[in-house]
Amino acid sequence: MFSKILIANRGEIALRIIRACHELDIEAVVVYSEADKDAPYLQLADESICIGPADSAKSYLNIPRIISAAEITDVEAIHPGYGFLAENIHFAEVCRECGITFIGPPVEAMQLLGDKIRARELAHKVGVPVVPGSDGALEKDSDALELANEMGYPVIIKAAAGGGGRGMRVVHNDINLRSAFSSASAEAKAAFGNGTVYLEKFIVEPRHVEVQIMADKKGNALHFYERDCSIQRRHQKMIEESPCPILDKRTREQLAEAALRIIKEARYDNAATVEFILDEEKEFYFIEANTRIQVEHPVTEMVTGHDLIKWQLKIAAGEPIKLSQRNIKHTGVAIECRINAEDPERDFAPSPGTITRYIPPGGPGVRIDTHVHQGWTVSPSYDSMIAKVIVHQKTRTEAIATMKRALREFVIEPIKTTIPVCLDILSHNLFVKSKIDTGFVERNF
Ligand code: MV4
């Protein structure tokens, strides 16, 4: 096992990783920007190093500064958390060249799965359903037009290097196809330096279901069941839960098996999430795989009882997972609400500022993952997510009730947060019945 690692991230996930390190007797070095200099988790860390100003490009995304911090503190590995450099192939390569273990998958697996066209081909090759669509990249708009007419509208144009909905266009007719093709490609080129796009039949009102995988360096790959992440707004998830409430046992097993086939074929190790969409008939299709630990990993931790960050550390250090699939059980229902510093009354505009009153919820079945506290100032420089409330109960009905009482207890003043919207969603009769899809929030709120 490592004796000392560096955390190249901030906020709740930096704190989450420090906690996992300390439970494994690993020293944690955390880097921070000037905006985060007063964060209390810096005191919990064994060492902390300032790597630059608030602007992420000059701190949390600045590879030379992070590598310098790693060399100065003599760490063996770097945990990138999520966001920032977590899926940056160049960063993983630099770590490898510097003799520092990147706590994540091998560079080759990041390259393979980071290219959504290659990932789609790989899924198809191992017999996992993919949405009907283009055979690889679209060369020109006339190819898109021809294929769309063959398949029928609506179709979706996606960026091969895509993520977060960027470089994505839903198209309903020939008239809009050419401009969608060129704008998707231009947007992808600007965002990812790669304008390659492909096309799929657009699945209307799907559910978003993802499978958590952990694989070790010895070729063992295990799944930790699925999460339903259909409650999202503008590609930002708001509420996640495990298990997906509408899956039967057989489909759940098939979904997990499909995810494992993809991960094994990619010669993957460490944490992965394999994303699927589910159509109205509950048929699932692979859409992409994420090569990082995700924000919503706690719901999986609650239902399985496994600490996924500790697994990441052990696997990166070369430990095999001495567990068999049938020993990974899931119990009850977990739900997570993301609490963002945003004003729902102002179209979810960021609401940074100093928190003068902060009273977190607690009690049975409640977990809070956050770095904030009374007196903390939410910076406008970073993502607006400031806390996650996770509940675990025997049944979904009880989990919803626990979440509602926890959110009602939660006091964060005077900044605006998404707590009221989460409460409205939790009370909505379609959410209670889980008759939801990825368009639910935009249609109803
Ligand atoms: C889709 C889809 C429907 N059909 N692919 C969204 C982000 C990326 N992970 C993949 N996404 C989707 N892919 C096919 N073939 C629906 C989504 C999707 C979505 C699309 C447009 C607007 C909002 C959306 C929210 C969630 C998922």
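Bear in mind the structure is a predicted one, so any value in this text is a computation, not a measurement.

### Concerning the packing of aromatic side chains
1) Next: Considering all chains together, one arrives at seven aromatic pairs under this definition.
2) Next: With centroids separated by 6.0 Å and ring planes inclined at 80°, the aromatic side chains of Phe91 and Phe102 adopt a geometry described as edge-to-face. A residue pair is termed long-range when its members are at least 10 positions apart, and Phe91 in helix α4 (residues 89–97) and Phe102 in strand β5 (residues 101–102) qualify at 11 residues. Side by side, Phe91 and Phe102 carry an identical accessibility label, which is buried.

### Let's talk about the state of the cysteines
1) Next: Within this structure, the stated rule accounts for zero disulfides.
2) Next: Looking at Cys95, it has no disulfide partner, and the nearest cysteine sulfur is the one in Cys98, 7.1 Å off.
3) Next: For Cys95, a relative accessible area of 0% translates into the label buried.
4) Next: Just so you know, Cys422 is unpaired, no disulfide at all, and the nearest cysteine sulfur is the one on Cys337, 4.1 Å from it.

### Some words on the site of the ligand
1) Next: Around the ligand, a shell composed of 15 residues is seen, among which Lys158, Glu200, Lys201, Ile203 and Glu288 lie nearest.
2) Next: Interatomic distance of 2.8 Å between a backbone N/O atom of Lys201 and a nitrogen atom of the ligand.
3) Next: Measuring from a nitrogen atom of the ligand, one finds a backbone N or O atom of Ile203 at 2.9 Å.
4) Next: Of the residues assigned to the shell around the ligand, the class counts are seven nonpolar, three polar and five charged.
5) Next: Two domains share the shell around the ligand, each providing at least three of its residues, namely domain 2 (132–201) and domain 3 (207–444).

### Remarks on the sheet that holds strand β11 (residues 236–242)
Strand-to-strand pairing in sheets goes through backbone hydrogen bonds, with the strands running parallel or antiparallel.
1) Next: Spatial strand order, β13-β12-β9-β10-β11-β14-β21-β19: eight strands in an open sheet with antiparallel pairing. Looking at strand neighbours, the two that pair on one side only are β13 (284–290) and β19 (366–370), the edges of this open sheet. Direction aside, neighbouring strands of the sheet carry axes that sit 25° apart on average.
2) Next: With four bridges joining them, β11 and strand β14 (residues 333–340) adopt antiparallel strand pairing. Among the inter-strand pairings, Glu241 is bridged to a residue of β14, identified as Ile335.
3) Next: Each of β9 (207–215), β10 (221–233) and β12 (270–278) touches helix α11 (residues 308–316); the most contacted strand, β9, lies at about 40° to it.
4) Next: Across the sheet, helix α13 (residues 419–427) lies against β10, β11 and β14, angled at about 45° from β11, the strand it touches most.

### Description of the side chain of Asn9
1) Next: Residue position: Asn9 is located in the loop between β1 (4–7) and α1 (11–23).
2) Next: A polar atom in the side chain of Asn9 sits 2.8 Å from the backbone oxygen of Pro80.
3) Next: When neighbours within four sequence positions are excluded, Asn9 is seen to be in contact with Ala14, Val30, Val31, Tyr60, Pro80, Gly81, Tyr82 and Phe84.

### A short note on the domain arrangement of the protein
1) Next: Looking at the protein, the domain boundaries give domain 1 (4–103), domain 2 (132–201) and domain 3 (207–444).
2) Next: For domain 2 and domain 3, the distance between their C-alpha centroids amounts to 29 Å.

### Let's talk about helix α8 (residues 174–192)
1) Next: Under the 1.5 Å per step criterion, the end-to-end length of α8 is 27 Å for 19 residues, consistent within 8% with the ideal 27 Å.
2) Next: Residue Ala180 marks the point of greatest curvature in α8, where the axis turns by about 25°.
3) Next: Buried residues of α8: Leu177, Ala180, Phe181, Ala184, Ser185 and Ala188, and no others.
4) Next: Tucked inside the fold, the buried residues of α8 contact α7 (141–151), β6 (155–159), β7 (169–171) and β8 (197–201).
5) Next: Downstream of α8 by a residue or two, Gly193 has a phi angle that is positive, lying close to 70°.

### Section: the sheet that holds strand β3 (residues 47–52)
1) Next: Here five strands make up an open sheet; going across it, the order is β3-β2-β1-β4-β5 and the pairing parallel. Looking at the sheet topology across the chains shown, the edges are occupied by β3 and β5.

### Considerations on the pattern of salt bridges
1) Next: With the rule as written, the count across this model stands at 35 salt bridges.
2) Next: Among the salt bridges present, the one from Arg443 reaches Asp437, with a minimum N-O distance of 2.8 Å.
3) Next: The buried category is assigned to Asp437, whose relative accessible area is 6%.
4) Next: Through salt bridges with shared partners, a single ionic network connects Glu210, Arg227, Lys237, Glu240, Glu296 and Arg338.

### Re the nonpolar core
1) Next: Counting 99 residues, the largest nonpolar core has Ile5, Leu6, Ile78, Ile239, Ile339 and Leu407 as its most contacted members.
2) Next: By residue number, the principal contributor to this core is α1, which donates seven residues.
3) Next: Residue contacts for Ile5: discarding those within four places in its chain leaves Ile17, Cys21, Ile26, Glu27, Ala28, Val29, Val75, Ala77, His79, Ile103 and Leu313.
4) Next: If you look at the next biggest cluster of nonpolar residues, it comprises 31 residues, including Leu122, Val128, Val209 and Ala215.

### Let's talk about the pairing of strand β21 (residues 385–393)
1) Next: For β21, the tally of buried residues reaches seven of nine residues, placing the bulk of the element in the interior.
2) Next: Relative to β21, β14 is paired through eight bridges, and the arrangement is antiparallel. If you follow Glu336 over to β21, its bridge partner there is Ile390.
3) Next: Looking at chain direction, β19 and β21 are connected through five bridges and run antiparallel. Each residue of the ladder has a partner; that of Val366, found in β21, is Val391.

### Section: the environment of Ile287
1) Next: Locating Ile287 in the fold gives a position in strand β13.
2) Next: Taking C-alpha positions, Ile287 is 18 Å from Arg233, a pair spaced 54 residues apart along the chain.
3) Next: Residues within four places of Ile287 in sequence aside, it is in contact with Val131, Lys158, Glu200, Glu275, Phe276 and Ile277.

Thresholds, definitions, all that
- Residues numbered from 1 in each chain as written.
- Predicted model: local features only at pLDDT ≥ 70, side-chain atom pairs only at ≥ 80, totals over all residues.
- Heavy atoms only, no water.
- Phe/Tyr/Trp six-rings, centres within 6.5 Å; stacked < 30°, edge-to-face > 60°.
- Helix = DSSP H or I, 4+ residues; strand = E, 2+ residues; numbered from the N terminus.
- Buried < 20%, exposed > 50% of the residue type's maximum accessible area, 1.4 Å probe, protein only.
- Disulfide = S-S within 2.5 Å.
- Near = heavy atom within 4 Å.
- Polar contact = N/O pair within 3.5 Å; in protein donor to acceptor, adjacent residues only side chain to side chain.
- Nonpolar A, V, L, I, M, F, W, Y, C, P; charged D, E, K, R; others polar.
- Domains from an automatic or database assignment.
- Pairing = 2+ DSSP bridges.
- Axes fitted to C-alpha atoms, helices over the stretch in contact; angles between N-to-C directions.
- Contact = heavy atoms within 4.5 Å.
- Expected span 1.5 Å × (residues − 1).
- Bend = angle between axes of the 7 residues up to and from the residue.
- Salt bridge = Lys/Arg side-chain N within 4 Å of Asp/Glu carboxyl O.
- Core = buried A, V, L, I, M, F, W, Y, C linked by side-chain atoms within 4.5 Å.

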